[in-house]
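Chain by chain, the residues:
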Amino acid sequence: AVPSWSADFDAWAADALARGDVDTLAAFRSKAPGMPYAHPTVEHYTPLFVTLGAASRPDQPAQTTIEGYMMGLSKRSFQVA
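Residues numbered from 1 in each chain as written. Predicted model: local features only at pLDDT ≥ 70, side-chain atom pairs only at ≥ 80, totals over all residues. Heavy atoms only, no water.

A.B. asks: Sorry if this is basic, but what is going on with helix α1 (residues 4-19) here?
C.D. replies: Side chains that are three or four residues apart share a direction in an α-helix, a result of its 3.6 residues per turn. The first and last C-alpha atoms of α1 sit 23 Å apart over 16 residues, in line with the 22 Å expected at 1.5 Å per residue. Residues of α1 that are buried include every one of Ser6, Phe9, Asp10, Trp12, Ala13, Ala14, Ala16 and Leu17, and no others. Among the structural elements, α2 (22-26), α3 (28-31), α4 (47-54), β2 (69-70), β3 (73-74) and β4 (77-79) are those in contact with the buried residues of α1. The first or second residue beyond α1 is Gly20, which carries a positive phi of 70°. (Helix = DSSP H or I, 4+ residues; strand = E, 2+ residues; numbered from the N terminus. Expected span 1.5 Å × (residues − 1). Buried < 20%, exposed > 50% of the residue type's maximum accessible area, 1.4 Å probe, protein only. Contact = heavy atoms within 4.5 Å.)

Next comes the structure, spelled out in structure tokens:
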């Protein structure tokens, strides 16, 4: 079973990525549902910004390439150009 805090955070992040909303993603501690359970520490979240920083247009929508859950945690992966 997927905990609601995990599903809510994943849906929030997927929406922000689809809109290219880097500011919202950066404000995850105050804006994201499921906090602090979804990311009590940042080491699994901050690589998202490394990827967006390498993108030619980080404010453009990201394309989800993998989605789903394993052991109740999101395994969402995305691609940017």
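Now that the structure has been shown, we can carry on.
A.B. asks: In this structure, what is going on with the side chain of His39? I would like to understand it.
C.D. replies: Tracing the chain through its elements places His39 in the loop between α3 and α4. With a relative accessible area of 15%, His39 lands in the buried category. Sequence-distant contacts of His39, that is, excluding residues within four places in its chain, are made with Phe9, Phe28, His44 and Tyr45.

A.B. asks: Would you mind going over the nonpolar core with me for this structure?
C.D. replies: Buried together is how nonpolar side chains tend to be arranged in soluble globular proteins. Of all hydrophobic cores here, the largest spans 14 residues; its most connected members are Phe9, Trp12, Leu17, Leu25, Tyr45, Leu48 and Phe78. Breaking this core down by element, the ones donating at least two residues are α1 and α4. Ranked by the residues each element gives to this core, the list is headed by α1, at five residues. When neighbours within four sequence positions are excluded, Tyr45 is seen to be in contact with Phe9, Trp12, Leu25, Phe28 and His39. (Core = buried A, V, L, I, M, F, W, Y, C linked by side-chain atoms within 4.5 Å.)

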